[in-house]
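Descriptive analysis of the structure
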Amino acid sequence: MTIKVCGLRSPQNIQEIASLPVDWLGFIFYEHSPRYVVGQEGLDVLLKGNSLRQQKVGVFVNATHSFLLETVQKYGLNKVQLHGGESPVYCEAIRQLLNAGGMEQVEIIRAFRVSRAFDFGITYEYEPFCSHFIFDTKATAAYRGTGHRIDWDILPFYEGDTPFYLAEVLSRKMRLWFAN
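Residues numbered from 1 in each chain as written. Predicted model: local features only at pLDDT ≥ 70, side-chain atom pairs only at ≥ 80, totals over all residues. Heavy atoms only, no water.

On to unusual backbone geometry, then. Residue Asn 62 is not a glycine yet carries a positive backbone phi of 50°. Within the secondary structure, Asn 62 is located in the loop between β3 (55–60) and α3 (65–75). With relative accessibility at 41%, the residue Asn 62 sits in the partly exposed group. (Helix = DSSP H or I, 4+ residues; strand = E, 2+ residues; numbered from the N terminus. Buried < 20%, exposed > 50% of the residue type's maximum accessible area, 1.4 Å probe, protein only.)

Shown next as structure tokens:
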């Protein structure tokens, strides 16, 4: 199981979470999110350094190519999570730009907000460019988590070859454990 804690903003909180048995640390680079990290005091030093043993994931929503690439380089991100309306053409362009910039090792993860009505067939077009998918609970038009668990009964409808992760909400017991 891979555990990612996302939406981290304060250097102290990041260091506390980094001391726990988590695999990935997620940072939101979407300016309309309340968890947007750009401009947070002390964050540049922490993210640019090599003090974090976890993989650093940048979460982007419909970002320009230049902003995404500059951010990956600036913070040494290991993974790019696309959580907006990014098309397969966008993913292909980002893959090509990362490769051309010597960042072949940076993985692209495309998030999909799913419900019983979701057509998993659209994921096939993304497979050549994405190392993984994330299936998240379908929300309103806003690009953010819902706080609701995904409907696991729909997962057998995914028949693709690209591995996927589930965006899950921690139980109250788990949240208390992580807080202590």
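Still to come is the rest of the account.
Before going further, it helps to examine the nonpolar core. One finds Leu 25, Leu 68 and Phe 135 to be the most contacted residues of the largest nonpolar core, which totals 44 residues. Elements with a minimum of two residues in this core: α1 (11–18), β2 (24–28), α2 (43–48), α3, β4 (79–82), α4 (88–100), β5 (107–114) and β6 (132–137). Setting aside its immediate chain neighbours within four residues, Phe 135 contacts Phe 112, Val 114, Phe 120, Thr 123, Ile 150, Leu 155, Tyr 158, Phe 164, Tyr 165, Leu 166 and Ala 167. In terms of nonpolar packing, the next biggest core, distinct from the first, is built from five residues, Trp 24, Val 57, Ile 109 and Ile 134 among them. (Core = buried A, V, L, I, M, F, W, Y, C linked by side-chain atoms within 4.5 Å. Contact = heavy atoms within 4.5 Å.)

It is worth spelling out the side chain of Thr 123 at this point. By secondary structure assignment, the location of Thr 123 is in the loop between β5 and β6. Here Phe 120 takes part through its backbone oxygen, which lies 2.7 Å from a polar atom of the side chain of Thr 123. In this structure Thr 123 touches Phe 112, Phe 118, Phe 133, Phe 135 and Tyr 158, once residues within four positions along its chain are discounted. (Polar contact = N/O pair within 3.5 Å; in protein donor to acceptor, adjacent residues only side chain to side chain.)

Here we take up the sheet that holds β4. Read from one edge to the other, the open sheet built from seven strands follows the order β1-β2-β3-β4-β5-β6-β7, with strand pairing classed as parallel. Sheet topology places β1 (4–6) and β7 (164–166) at the edges, where each strand pairs with a single neighbour. Here the strands of the sheet are splayed against their neighbours by 25° on average, with no regard to which way each runs. Across three bridges, β6 lies against β7 in parallel orientation. Residue Phe 135 lies in a different strand from β7, and its bridge partner there is Leu 166. Against the sheet, α4 engages β4 and β5, with an angle of about 160° to β5. (Pairing = 2+ DSSP bridges. Axes fitted to C-alpha atoms, helices over the stretch in contact; angles between N-to-C directions.)

Attention now goes to the environment of Phe 129. On the secondary structure map, Phe 129 appears in the loop between β5 and β6. Residue classification places Phe 129 among the buried residues on the basis of a relative accessible area of 17%. Separated by 33 residues in the primary sequence, Phe 129 and Thr 162 place their C-alpha atoms 10.0 Å from one another. Not counting chain neighbours up to four residues away, the residues in contact with Phe 129 comprise Pro 88, Cys 91, Glu 92, Arg 95 and Ile 108.

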